[in-house]
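Chain residues, written in single-letter form:
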Amino acid sequence: MHSDENAYCRVCGYEPADAPWGADGTEPSWEICPCCGVEFGYEDASAAGVRKYRERWVAAGAPWSDPTTPLDDLELNERLARISPRYLG
Ligand SMILES: [Zn+2]
């Protein structure tokens, strides 16, 4: 298990200011990911849900979701590389 995997969005690998699921990965913040637009604690509550959401988002061209949040200047594959294998595939 990657030591800081809880810091990243399970769908896209973006690193928000607050951990999407809290420091221990069990308490979702219910915030919207500015990158992929997932709601932490909702569509990403299961590995199957994460994969389904990511599939749709990538198929749509992986658009940046929140125009008021500055881009993190990472490529899609750089973000995806931070996601735990359990949420990929
Ligand atoms: Zn995301």
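Residues numbered from 1 in each chain as written. Predicted model: local features only at pLDDT ≥ 70, side-chain atom pairs only at ≥ 80, totals over all residues. Heavy atoms only, no water.

**Q** I keep staring at the side chain of Ser-84 and nothing clicks. Help me out?
**A** Here Ser-84 shows up in the segment after helix H2 (76–80). Its relative accessible area of 7% is what places Ser-84 among the buried residues. Only 3.4 Å separates the side chain of Ser-84 from the side chain of Glu-5, close enough to count as a polar contact. (Helix = DSSP H or I, 4+ residues; strand = E, 2+ residues; numbered from the N terminus. Buried < 20%, exposed > 50% of the residue type's maximum accessible area, 1.4 Å probe, protein only. Polar contact = N/O pair within 3.5 Å; in protein donor to acceptor, adjacent residues only side chain to side chain.)

**Q** I keep staring at the side chain of Arg-79 and nothing clicks. Help me out?
**A** Relative to the assigned elements, Arg-79 resides in helix H2. Arg-79 sits in the buried class, given a relative accessible area of 7%. For Arg-79, the contacting residues outside a window of four places in its chain are Cys-12, Gly-13, Tyr-14, Cys-35, Trp-57, Trp-64, Asp-72 and Leu-74. (Contact = heavy atoms within 4.5 Å.)

**Q** Sorry, what's going on with the packing of aromatic side chains here?
**A** The way to describe two aromatic rings as a pair is by their centre distance and the angle between their planes. Overall, the coordinates contain one aromatic pair when judged by the stated rule. Sitting over the face of the ring of Trp-21, Arg-10 holds its NZ or CZ atom 4.0 Å from the ring centroid. (Phe/Tyr/Trp six-rings, centres within 6.5 Å; stacked < 30°, edge-to-face > 60°. Lys NZ or Arg CZ within 6 Å of the ring centre and 35° of its normal.)

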